Amino acid sequence: MVLSVDEIRQATKQITSSGDRKQYNKILRLVGQYEQISGLEETKFFEIESNLRFLTLSLKQIFTKFFKLGQLNPSLASNDNEKQLFLWCRKVYGSFKARLLEVISSTRFENSLALDCLDVYIQLLELESIYFASKPEAAFFPNKTLKALIAALFQSSIPQSIDAATGHSTDPVLQEFSDKYYQKFVDLQYYFQAELSNLIRDGTLDKLDHSQLLAKWLSLVNHDNHYSSAEAELDMYVPQPPQAMESETQFKANLEQNYLWFLGRDGLLNCQYKTLLLILHKRIIPHFATPTKLMDFLTDSYDVGNGVISILALNGLFELMRRYNLEYPNFYVKLYQLVTVDLMHVKYRSRFIRMTDLFLSSTHISAGLVASFIKRFARLTLDSPPSAIISVIPLVYNLIKRHPSCMVMLHDPDFMTHPFATPEELALLKQRKSDYKDPFDMNEPNPEHTRAIESSLWELASLTNHYHPNIATLAKIFSQPFKKPSYNLEDFLDWTYDSLLKAETTKKIKVLPALEFEEMGQLFGTYIEGVQW
Amino acid sequence: MAGSQLKNLRKALKDNGLTGQSNVKGSKKSKKQSREYDREERAKTVARIREQFNPFDVKVNRDKRSTHNGGEQRPVGKPGISKQIGEEQRQKAHELRKGGKNKLGGVFDRRFGEKDKTMTAEEKMLERFTRERQNHSGAGRSIFNLEDGDDDGDMYGEKLTHFGKSLALEDDFDRGDLGLHDEDDAAMLEKRAQRTSKRLMDEELLGDEEPQPERKKTKAEVMKEVIAKSKFYKQERQKAQEQLEDQIDNLDNDFDDILSQLHSVPEPARSAVFDKNHDADKEYDMKVKELILERRAAPADRTKTEEEIKSEQEQKRLALEQDRLNRMAGMLEEDRGVEDLGDEFWRGSDSEHDGMGVDDEGIADSDDDVSVSVSDDERESRSCKNKAAAQFRTCPSTHEELLAVVNGYKVGDHSKIVKDIIKACQPRLAEGNKQRLGKFTGVLLYHIMFLASNYGGNEAGGVGESINSLVSILRNLAQKYNEPLSLSCRDIIQDIHLRFKTQQLNGLSRGDLIFFATVGTIFSASDHYHLVITPCNIVIGEILEQTKPDTLQKLLFCIILCKIFLKYQRLSKRFSPELVFFLERAIMSLLPSSQGTDTYASSKSALEVGVLPVLDPASFASAKSHPISLNTLSICNRDITDDLKKSALSAVINLVDETISLVWKELSAFPEIISRFEGHLATFRDSYEHFNSPSQILQKIDKLKKNREHIPLALQNHRPVGIPSHTPKFEENFNPEKRSYDVDSARNEMNKMKAQLRKERKFTMKEIRKDTKFEARQQIDTKKRESAEYHAKMARIINTISTEEGAEKSKYEREKKLRNAKK
């Protein structure tokens, strides 16, 4: 049976005010109260929650008093008897901490008790740093205590606590810890990362659910207020932190190590991949000493397969190649393989094309490779919606402009006659025409080997016959002189059926639409054949 | 010259004998004489010496080029002198101008009272008025009186002239038949006179009589003569008039006598005459009235022969076809008025009675009505519904209103009701009917869609008939109410798009299919850009692209949509990638088993292969395939039979065939497009041995492939453009003196001219500026002089006054003193 608030208050008063050490035994009973909640159901739990919250605060008061009296530090004892008492108090204090962590780690649903426990525990950290120092005013940080808390935080698992959109954890205790403590205090960050790397080395976290782990990790580190960030505004939590935590390189090394460990887990969720890839440039790479270590993670995410993630992974790889000299030979092969039949019909198409434009902006890639991309995009336009075609045409134009040797795909002078051709030349041309066979291989995975440059862009030429007048006109740029330096791709990327239709239906009627002058007869039968009412 | 400037001057003066000892002994007398005599000479010499010693009066042009020929004469200018000369010339001209001021030239304003400051505005007006009156109507003149035109002038007493010649048409009867009447023509007159006199002389020579040389009359003489003549005539006329008046007076005086005589005579016979002819007269009068009122006869149009009518129609058709082709090519004739367009279609519809089974109502020629002719059998039914027709007086403006009207009638009667409504709401019958009918076109379109989606089952055929006739009515209305119809079409398109976006294919119904088909029959679908068809195409594309053909209903819906789309493209043959996409997916969903035919297809993870396979290969034994019925779009899944699937399959295959022959075979990417179908078609061929179409299509593809050459493009075959070169041209025989090396002499000449013009212009501007400056200076001088004169005058006056005053004062003083002394 749970003690009532009054009983708790009375016991606390007796312990703190009287100074009678006989009353100390009541602490054991108070601490023992926590056992009552283990395995309790949600409704029953909330019945006793307020009592327990009060109990937690009371116990904190008691132990604060102990701290002040120095009764928790056996080395301060003046005689054996006292030492015995102090050791006992220390043991009780230890079990109190263990109870708090148990509440935190075993919680299955959102509750205020766990939050209270977290607050109290962290306040205890501060008290420990003051009173457990080897001598007064000495620098000390209770890293063992923190380590236990970290383990508890990661062990807690509230079901469905992963945000579906961003992959963050919605565990309130963890969020509280992150918002209120981790993101504000530099010493907590330093020792957190240090102890976390210890925990990882110990293998404590190995058995936990990977996606949950990463969700929590993301909630902790996905912000801009890191120890190592340039404009972070951070405070000290403990009054006298040790000298050791001034080493930023150590922090970075720990953070990097931890990051890599978390990223290396398999079974991550797609949304988590996406979030990670999106924050890669701003929030991950700056904290890494050697960003190229992210290569494995990026390759993994590329292999996950989902289109957006793959292209984002390639984007990350591209960044690494560009800025950190990463050697990644298969990059364009991988990019080429992402240009699939589905690409033109999915939502992330415009993002893909934007990035492809960026990747292919290098002038050091071979014309054959560019030709493969051009040809493949052109082939895909044969069954893609107008919006996709609108974005592909300027892309191809810009590519050809940048790599003029690809112009042969639009204009092959070998297959032209000129008025002064001799009969031999004409015969040769005829022979060449009859021998010609399109060498392009759509199924070849390597863009260097598709022989696209020997092919021609019939697909784009056919688009001049597109049913949408604007696309038909746009496709005509390939038969006009290439005078424009480049098209601004952004103007062409974000068209949809919606915006196309809106552009049409909001047009003013200047000239009345022309009418059909031929009689069509009956709707079904004469006009539309093969259909009846 | 050595020495200082002063020394040199002295020396020069001495050399010229201007200074030094003047009274040399022995030559006193002669010297004096010569001095008197040589004053001018002396002045000249002095001037020369002065000029020599003033280095600033002479300006020697600096030789920039050569130093070797320093001894040569260099051009010397005397700016001071030339300035002086210019000044003097100006002075002269100025004085000349000043002298002639207010004495020569200028325009004189002779209008009455313009500058007369003594008259008030009112007086001026009055004066002008009286003058005008006098001119126009004074002395009872008529403007039509030709005789009287001698002294007429305009209201200000002056005639309009040009180069001194009168602009008025003057009659010149008095002056010979040639009408020569001015001094300017005097020479001619003289010549003529000479000629006649010569002739006369020749004649007279025989008669031995000395001819008088004809003296030319002066203008004054001529005028006098004319005036005299006209006065004479006037007098004559007045006399005649007086005579006439006298006669009339006499008659008047005698009139009473005649009347009394007349009254005394009895006249019974006359009234009888009137009575007898009364009826005939009446008839006659009526006839006359009738004839007056009768329309004047106009020549009738010649009756045209059959061939002529035919050729005319052919021409009209050709013109329309040409217009259509232009629109298809995207050549928009913006300037062509809407009215013209309407007219063309008017005639177009008139000329096409080709009896296609639809009762083809001709559109009335009149601009104001749309008549819906009523065939004989309808007339009977209409007569019984006359009462009902009365209720159609109000034109339904929303679809609900129309539904309320047609409520209770059979579907087959709807077209008749609609016709009645249109008849009752002819624009000529009431104001605002035009707008109402315009709105009604949209309502009618909605009604067609409503009928199509809400009726079905066994009465489908009747609904079809009804819809067909409604569509033909709509077609006729469209020609008159094009704009409101297009607007409502756009609304419907947006509505369809929204429904598809929110509920996918479930949001669409048969009505939407009917809408697309109807639009295709009404509007010209082949245009490059069309306000209604283009959005339709976009929406169709969207539906085809975003619908997964995984159920038979969806499949059939999209098949019909494809058919409509192909109909749109029957002339323009445009390419739709969405159609390719849909057809491929449709075929894949109908594949007999889920076997990926090639690696390309297997990469399409989003496509589900073989969800709707036709199970029984034997069902193709009966070769006939059924047309798709609209009813099947809404059947439930358990009613799906293999027959239906079979007809869907054959429809899809036929669509591929149709698209190949209509669109794809024209495209340069034909092999690329067709490559994705070949594999599937082969699968069908292998799976269903009785199913002929796939193998036929494959054969066709092979043939097409063989006949066309698939060679690399040569799109950039533009005329090469020269690279502009900017290296300087080397000129042989370069000569700095030569201004231009232009080969074209005409251009050279022109440039020369231009340069000259520029130079002259610059010079003239300079001169003008100098002139104005001079004028200004002169003005200031005159002003100064005037004011000096004035001040001098005033000073003099004051002086005299003060002297007089002083004299008077001293006089007074003296007097006073004297008087005082007297006392």
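- As recorded in an unreviewed UniProt entry, chain B goes by the name LAMI_0E15324g1_1, listed as coming from Lachancea mirantina.
- Checking UniProt for chain B, the heading Sequence similarities (unreviewed entry) contains the comment "Belongs to the NOP14 family."
- Chain B has a UniProt comment under Function (unreviewed entry) that states "Involved in nucleolar processing of pre-18S ribosomal RNA. Has a role in the nuclear export of 40S pre-ribosomal subunit to the cytoplasm."

- Per an unreviewed UniProt entry, chain A is named LAMI_0H04346g1_1, and its organism is Lachancea mirantina.
- What UniProt states about chain A under its Sequence similarities (unreviewed entry) heading is, verbatim, "Belongs to the CBF/MAK21 family."

Focus: the overall build of chain A
Stage number 1. Within chain A one finds 22 helices and one strand.
Stage number 2. Residues classed as buried in chain A amount to 55% of the 533 residues present.
Stage number 3. Restricting to contacts in chain A with at least 6 residues of sequence separation, those with at least 24 account for 75%.
Stage number 4. As displayed, chain A offers around 23,600 Å² of accessible surface, 50% of which is attributable to carbon and sulfur atoms.

Brief notes about the UniProt feature "coiled-coil region" (unreviewed entry) in chain B
Stage number 1. The UniProt record marks residues 223-261 of chain B with the feature "coiled-coil region" (unreviewed entry), using the residue numbering of this structure.
Stage number 2. As annotated, residues 223-261 of chain B has a helix share of 100% and a strand share of 0%, and its two end C-alpha atoms lie 56 Å apart.

Quick notes on the side chain of Glu504(A)
Stage number 1. Within the fold, Glu504(A) resides in helix α22 (residues 497-505).
Stage number 2. There is a polar contact of 2.8 Å between the side chain of Glu504(A) and the side chain of Tyr529(B).
Stage number 3. Filtering out sequence-adjacent residues up to four positions away, Glu504(A) remains in contact with His468(A), Asn470(A), Arg490(B), Tyr529(B), Thr534(B), Pro535(B) and Ile538(B).

What to know about helix α26 (residues 693-707) of chain B
All names here are of chain B.
Stage number 1. Between its first and last C-alpha, α26 extends 21 Å over 15 residues, near the 21 Å set by a 1.5 Å rise per residue.
Stage number 2. Those residues of α26 not exposed but buried are Ser-693, Pro-694, Ile-697, Leu-698, Ile-701 and Leu-704. Down the axis of α26, the buried side of the element spans an arc of 135 degrees, and every buried residue falls inside it. Those residues of α26 that are exposed and aimed more than 90 degrees away from the buried face are Gln-699, Lys-703, Lys-706 and Asn-707.

Description of the pattern of salt bridges
Working definition: two side chains of opposite charge can pair if their charged atoms are close together.
Stage number 1. This model, assessed by the stated rule, comprises 25 salt bridges over all chains.
Stage number 2. Here Asp383(A) makes a salt bridge to Arg676(B), at a shortest N to O gap of 3.0 Å. Taken as a pair, Asp383(A) in the loop between α16 (367-380) and α17 (386-402) and Arg676(B) in helix α25 (residues 670-687) lie in two separate chains rather than in one.
Stage number 3. Assessed through its relative accessible area of 1%, Asp383(A) is described here as buried.
Stage number 4. Measuring nitrogen to oxygen at the nearest pair gives 4.0 Å for the salt bridge that ties Glu767(B) to Lys770(B). Pair noted here: Glu767(B) and Lys770(B) are both in helix α27 (residues 745-822), with a separation of three residues, about one helical turn.
Stage number 5. Classification of Lys770(B) as partly exposed rests on a relative accessible area of 39%.

Digging into a negative patch on the surface
Stage number 1. A cluster of like negative charges, contributed by Glu242(B), Glu245(B), Asp246(B), Asp249(B), Asp252(B), Asp254(B), Asp256(B) and Asp257(B), occupies part of the molecular surface.
Stage number 2. Mapped onto the secondary structure, Asp252(B) falls in helix α7 (residues 219-264).

Structural notes on the interface of chain B and chain A
One frequently used descriptor of interface size is the decrease in accessible area upon assembly of the parts.
Stage number 1. Of the residues lining the interface, 100 residues belong to chain B; the matching set on chain A comes to 75 residues.
Stage number 2. Counting each side, the surface lost to burial between chain B and chain A is near 8,300 Å², with a carbon and sulfur contribution of 63%.
Stage number 3. Among the residues chain B hides against chain A, the three largest losses belong to Ile538(B), Pro712(B) and Gln716(B). Together they make up 8% of the total.
Stage number 4. Summed over the shared surface of chain B and chain A, the number is three salt bridges.
Stage number 5. Seen at the junction of chain B and chain A, the total is 24 residue pairs in polar contact (both at pLDDT 80 or more).
Stage number 6. Of the residues contributing to the side of chain B that touches chain A, the split by class is 44 nonpolar, 29 polar and 27 charged.

Side note on the environment of Glu678(B)
Residues and elements named next belong to chain B.
Stage number 1. In this fold, Glu-678 is placed in helix α25.
Stage number 2. Here the alpha-carbon distance between Glu-678 and Ile-701, two residues 23 residues apart in the chain, equals 8.6 Å.
Stage number 3. In contact with Glu-678, other than residues within four places in its own chain, are Leu-698, Ile-701 and Lys-705.
Stage number 4. At 3.0 Å, the side chain of Glu-678 and the side chain of Lys-705 are in polar contact.

Some remarks on the confidence of the model for chain B
Detailed reading of the predicted coordinates is not advisable wherever pLDDT falls low.
Residues and elements named next belong to chain B.
Stage number 1. In this model, chain B carries a mean pLDDT of 75, and residues with pLDDT of at least 70 account for 70%.
Stage number 2. Across chain B, element-level confidence peaks in α27 with a mean pLDDT of 93 and bottoms out in helix α11 (residues 338-350) with 35.
Stage number 3. Here residues 148-157 scores under 50 on pLDDT; set against residues more than four positions off or in separate chains, the count is 16 contacts.
Stage number 4. Segment residues 171-185 is flagged for pLDDT under 50; beyond a separation of four residues in sequence, or across chains, it makes 19 contacts in the model.

Describing the packing of helix α20 (residues 533-546) of chain B against helix α22 (residues 577-589) of chain B
Residues and elements named next belong to chain B.
Stage number 1. Two numbers describe how α20 lies on α22: the axes approach to 8 Å, and their chain directions differ by 30 degrees. One way to sum up the angle between α20 and α22 is to call them roughly parallel. As α20 packs across α22, the resulting crossing turns out to be left-handed. Counted together, Gly-541, Leu-544 and Glu-545 of α20 and Glu-578, Leu-579, Phe-581, Phe-582 and Arg-585 of α22 form the full contact between these two elements.

Conventions adopted
The numbering scheme is per chain: residues are counted from 1 as the chain's sequence reads. Starting at A for chains and at 1 for ligands, labels are handed out in the order in which the entities are written. Residue-level local features of this predicted model are given only where pLDDT is at least 70; pairs of side-chain atoms are given and counted only at 80 or more, and the full residue set underlies all totals for whole chains, interfaces and linings. Hydrogens and water are ignored here; the side-chain numbers use all heavy atoms of the structure. UniProt positions are given in the numbering used here, feature names are shortened, and annotations may be inferred rather than shown by experiment. In this text, helices come from DSSP runs of H or I with a minimum length of four residues, and strands from runs of E with a minimum of two, each type numbered from the N-terminal end. Only protein chains enter the area calculation, which uses a 1.4 Å probe; residues under 20% of their type maximum are buried, those over 50% are exposed, and those in between are partly exposed. In this analysis, two residues are considered to be in contact whenever any of their non-hydrogen atoms come within 4.5 Å of each other. The accessible surface values rely on the Shrake-Rupley method and a 1.4 Å probe; as for residues, cover is taken only from the protein chains in view. Polar contact criterion, stated in full: a pair of N or O atoms within 3.5 Å, where within protein one must be able to donate a hydrogen and the other to accept it, and residues adjacent in sequence count only if both atoms are side-chain atoms. Helix span is expected to be 1.5 Å times the residue number reduced by one. Directions pointing from the helix axis toward each C-beta atom define the arc. Definition used for salt bridges: Asp or Glu carboxyl oxygen within 4 Å of a side-chain nitrogen of Lys or Arg. Exposure above 30% relative accessible area and the absence of a salt bridge qualify a residue for a patch, where like charges join within 9 Å and nonpolar side chains (Val, Leu, Ile, Met, Phe, Trp, Tyr) within 5 Å. His residues and chain termini do not enter the charge count, which takes Lys and Arg as positive and Asp and Glu as negative. For the purpose of locating charges, the reference atoms are NZ of Lys, CZ of Arg, CG of Asp and CD of Glu. Values labelled buried area give the accessible surface lost by two parts on being combined, using a 1.4 Å probe and summing over both. Note on residue categories: nonpolar means Ala, Val, Leu, Ile, Met, Phe, Trp, Tyr, Cys or Pro, charged means Asp, Glu, Lys or Arg, and polar means any other residue, Gly included. Confidence scores here are pLDDT values: one per residue, from the predictor, ranging 0 to 100. Fitted lines through C-alpha atoms serve as axes, helices being fitted only where they are in contact, and the angles separating the N-to-C directions of these axes extend from 0 to 180 degrees. Should an angle lie under 35 degrees it is considered roughly parallel, over 145 roughly antiparallel, and from 65 to 115 roughly perpendicular; all remaining angles are considered oblique. Handedness of a helix crossing follows the sense of rotation of the near helix relative to the far helix, less than a right angle counterclockwise being left-handed and clockwise being right-handed.

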